[in-house]
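# Structural overview for review
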Amino acid sequence: MDEEYDVIVLGTGLTECILSGLLSVEGKKVLHMDRNDYYGGDSASLNLTQLYRKFRPDQAPPTELGRDRDYAIDLVPKFIIASGELTKILVHTEVTRYLEFKQIAGSFVYRDGKISKVPSTEMEAVKSPLMGLFEKRRAKKFFEFLQNWKDDDPTTHQGIDLDKDSMKTVYEKFGLEPGTQDFIGHAMALYLDDDYITKPARPTYDRIVLYTSSMARYGKSPYIYPLYGLGELPQSFARLSAIYGGTYMLDKPIDEIVTDSDGKFVGVRSGDEVAKAKQVIGDPSYFGAGKESSDGKVRVIEEGKVVRAICILKHPIPGTEDSDSCQIIIPQNQVGRRNDIYIAMVSSTHNVCAKDVYVAIVSTIVETSTPELEIQPGLNLLGPIYDKFVSISSIYTPTSSGQADNIFITRSYDATSHFETVVDDVHDVFKRVTGKDLVLKKREVEVQE
């Protein structure tokens, strides 16, 4: 480790791997290290043995669940929005050549005690039990308004200014009922809570347009998912980095972040060796997450916690038309909470578990001192659960931009059910590290029907 690098990247979570791939393509000399012996960090996909070892070290996986190698169970459940930012990065870097995608069969929302499909066609919308007849007409006008909106044509604005008027104003203009607002804000714009309603409408408009264009792309649902699990994503970006000369070291303990007398980053110590570089990027766990690091600085603070339950089922989720994969959103006010509850389910069609086994992950942001009770409304929808593994993880966020000391820290994975916030972080860190915006080329992603 005598040579000097441009950037050292710590941790092989998706955010870190995308960044090391992009920086390698930019011509930077990258050294990538991880204390684990597998890729993916907090966003890894584990086989059965790894899963049981992580949650129940003293218990071997039941033989009836089948072969170890049939499993790739995600620790952090997220789907890829077909027209979203992660898709653009996958296409721009041509990482798509290492991956195969399959669409997620359906997107559902929980309302008034039952599960309803989020309509994916005009026909489904007309039949949907989510709205009454008059409300359907009002909603149609609302969606037509969004579709016809052109920034440079005031005749399409109907007196609304997306950058000044709040989403509340827009909803009220079309007379939409609270239940419909709920469905639009949570099942389509994918907000975790209702804070967005009082803010300018532009971001919500962008999110709904993204959702509807993703839906239109492959039908059924706006989501796609990589075969063999999300752990394939960081590995594919690691391959990209390696093609451009990036160096990888797994199973490497990180003992110290070395800084000079001014507190600026110098290198990373592992045992007796020090790897030197101009900049370091890493996930919060490498920088004394939630506590002082060795130089007495608090570099990351806790913003909240996410509770997740990985559930192994022997059947599809009841009420989802026997879908082999789906997302179900339980809007917060349906269960008297501040944050939504998400359910993501995948199955053997995605090569992540044995035949006739289904993996459902229920997650939400923790609001009380009894997190497991908070996901109960989600667990109740799953039918009989064969086994479940509950984890509670902190969401950490860096306290500084990193420009002063050349230490750039990524954010933890939040409770959202997609990767858009991860990619926001990639854009943000990329700009701080390189001083310029990440510009992406457009191409198409191939998806298996």
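By the naming in an unreviewed UniProt entry, the chain is Rab GDP dissociation inhibitor, taken from Coprinopsis cinerea. Word for word, the UniProt comment on the chain under Sequence similarities (unreviewed entry) is "Belongs to the Rab GDI family."

## Observations regarding the side chain of S323
Take S323: it is sitting in the loop between β14 (300-313) and β15 (326-330). From its side chain, S323 meets the backbone oxygen of T320 in a polar contact 2.5 Å long. Setting aside residues no more than four positions away along its own chain, S323 makes contact with A105, F108, P316, M345 and Y358.

## Overview of helix α2 (residues 48-55)
Think of an α-helix as 3.6 residues a turn; residues three or four steps apart then line up on the same face. The complete set of buried residues in α2 reads L48, L51 and Y52. Seen from one end, α2 has its buried residues packed into an arc of 90 degrees, which puts them on one side. Next to the buried residues of α2 lie β3 (45-46), β4 (73-74), β14 and β18 (387-398).

## So, the pattern of salt bridges
When charged atoms on two side chains of opposite charge get close, those side chains can pair. Applying the stated criterion to the full structure yields 29 salt bridges. Of the charged contacts in the structure, one is a salt bridge between D161 and K164, with a shortest N-O distance of 3.8 Å. Overall, D161 belongs to the partly exposed group, its relative accessible area being 30%. According to the relative accessible area criterion, K164 is exposed, its value standing at 70%. Residues participating in the shared-partner salt-bridge network are E135, R138 and E177.

Conventions used here
- Residues numbered from 1 in each chain as written.
- Predicted model: local features only at pLDDT ≥ 70, side-chain atom pairs only at ≥ 80, totals over all residues.
- Heavy atoms only, no water.
- UniProt positions renumbered as here; feature names shortened; annotations may be inferred.
- Helix = DSSP H or I, 4+ residues; strand = E, 2+ residues; numbered from the N terminus.
- Polar contact = N/O pair within 3.5 Å; in protein donor to acceptor, adjacent residues only side chain to side chain.
- Contact = heavy atoms within 4.5 Å.
- Buried < 20%, exposed > 50% of the residue type's maximum accessible area, 1.4 Å probe, protein only.
- Arc of directions from axis to C-beta.
- Salt bridge = Lys/Arg side-chain N within 4 Å of Asp/Glu carboxyl O.

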